[in-house]
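# Structure assessment
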Amino acid sequence: MEKIIQKSNFAFSTAVFIKISIMQFIPKSVVESAYNYTAYRQLVDNLFDQNKTTGSDHSPAMLQYTKLNLSRMNRLDKKPRLTENRVHQVKNIGCPMIWLVITEGWCGDAAQIVPVLQHLVQLNPLIELRFILRDQHLAIMDAFLTNGGRSIPKVLVLDASTLQVLTTWGPRPEAAQELVMAYKAKGAATEDIELKKRLSEQSGKDLHLWYAKDKTVATQIEFLEVVARII
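Throughout this document, residue positions are counted from 1 along each chain, in the order its sequence is written. Side-chain atom pairs in this predicted model are given and counted only at pLDDT of 80 or more, local residue features only at pLDDT of at least 70, and totals for whole chains, interfaces and linings cover all residues. Side-chain descriptors were evaluated using all non-hydrogen atoms of the structure, hydrogens and water having been removed beforehand.

### Comments concerning the packing of helix 3 (residues 60-78) against helix 5 (residues 108-121)
Convention adopted: a line fitted to C-alpha atoms gives each axis, helices being fitted over their contacting stretch, and angles between N-to-C directions are expressed from 0 to 180 degrees. Helix and strand assignments come from DSSP, with helices taken as H or I runs of at least 4 residues and strands as E runs of at least 2, each series counted from the N terminus. Relative to each other, helix 3 and helix 5 sit at 25°, their axes nearing to 9 Å. Here helix 3 is positioned roughly parallel relative to helix 5, judged by the angle of their axes. Seen along the crossing, helix 3 lies across helix 5 with a hand that is right-handed. Counted together, Asn69, Arg72, Met73, Arg75, Leu76 and Asp77 of helix 3 and Gly108, Ala111, Gln112, Val114, Pro115 and His119 of helix 5 form the full contact between these two elements. The residue makeup of the contact of helix 3 with helix 5, split by class, is 5 nonpolar, 4 polar and 3 charged. Relative orientations are named as follows: roughly parallel for angles under 35 degrees, roughly antiparallel for angles over 145 degrees, roughly perpendicular for angles from 65 to 115 degrees, and oblique for any other angle. In a left-handed crossing the near helix is turned counterclockwise from the far helix by less than a right angle, and in a right-handed crossing that turn is clockwise. Any two residues whose heavy atoms approach within 4.5 Å at even a single point are treated as in contact. Three categories are distinguished: nonpolar for Ala, Val, Leu, Ile, Met, Phe, Trp, Tyr, Cys and Pro, charged for Asp, Glu, Lys and Arg, and polar for the others, with Gly belonging to the last.

See below:
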């Protein structure tokens, strides 16, 4: 059941219906201590070199997820694949803003999305990209749940001067969200533990196959459509 959260005036529907809480401003201390993209990448790299990932779970499974994510981010860092329309759209944003991303190094969706955001912000000096770790900022995460869950990545679009939350997007494009939710529904409909496991594994494989075929286009279009509504 979806946890009901009070909406602000800037609540928008993206991949799923998002309710924004009464947390309309992000504390300045959080934004100032947030990682930039280079620092975030270095953090995940350095932890992995120590057989760790972000968060408290450093199990072999989480390390494997992180290893795959490092490869995904390295690949996307080299190939921005930005569409001409999106390049034009970002360059024409005239109001200073901060894109604050709630993420973790082991999150597969984040690895497919955050390099795209980095390529976009490099087109416009009025936009800053910053990252905070979900499990270190649960109060903020819990103000921006998706269907009652702590789904990441979640991008909070902030006014650069006031740090007001203007809108949010995430955790993934609409078609990808539908794919994931369809598998979750199948898993919820069975008591077979092994089947649940197979469905979960297949969901992950199909999700990243979808991202590969989409070539970041849906992420660019859907995120920037949400940003365009507040400009």
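More follows now that the structure is in view.
### Things to note about the pattern of salt bridges
For salt bridges, the criterion is a side-chain nitrogen of Lys or Arg within 4 Å of an Asp or Glu carboxyl oxygen. A full pass over the atoms with the stated rule returns 6 salt bridges. The partner of Glu32 in a salt bridge is Lys28, and the shortest N-O contact between them spans 3.7 Å. Note that Glu32 and Lys28 are positioned in helix 1 (residues 28-33) at a spacing of 4 residues, about one turn of the helix. Type-normalised accessible area, obtained with a 1.4 Å probe on protein chains alone, sets the label of each residue: buried when under 20%, exposed when over 50%, and partly exposed for intermediate values. Of the residues examined, Glu32 reaches a relative accessible area of 56% and is grouped as exposed. Judged by its relative accessible area of 57%, Lys28 is exposed. Of the charged contacts in the structure, one is a salt bridge between Asp109 and Arg172, with a shortest N-O distance of 2.8 Å. Here Asp109 is found in helix 5, whereas its partner Arg172 is found in the loop between strand 4 (165-169) and helix 7 (174-188), with 63 residues between them in sequence. Residue class for Asp109 comes out buried when judged on its relative accessible area of 6%.

### A short note on the environment of Pro115
Along the chain, the position of Pro115 falls in helix 5. Between the C-alpha atoms of Pro115 and Val44, which are 71 residues apart in sequence, the distance is 14 Å. Filtering out sequence-adjacent residues up to four positions away, Pro115 remains in contact with Tyr37, Met73, Leu76, Asp77 and Ala110.

### Observations regarding the packing of aromatic side chains
Classification of ring pairs uses Phe, Tyr and Trp, with its six-membered ring standing for Trp, and accepts pairs whose centres are within 6.5 Å; under 30 degrees between planes counts as stacked, over 60 as edge-to-face, and the remaining range as tilted. Using the criterion set out here, one finds 5 aromatic pairs in the structure. Aromatic pair Tyr37 and Phe131: ring centres 5.9 Å apart, planes at 45°, arrangement tilted. Of the two residues, Tyr37 sits in helix 2 (residues 37-49) while Phe131 sits in strand 2 (residues 127-133), which places them 94 residues apart along the sequence. Given a relative accessible area of 8%, Tyr37 falls into the buried group. Summarising the aromatic geometry, the rings of Trp210 and Tyr211 are spaced 5.2 Å apart at their centres and angled 75° between planes, so their arrangement reads as edge-to-face.

Geometry only, nothing functional implied.
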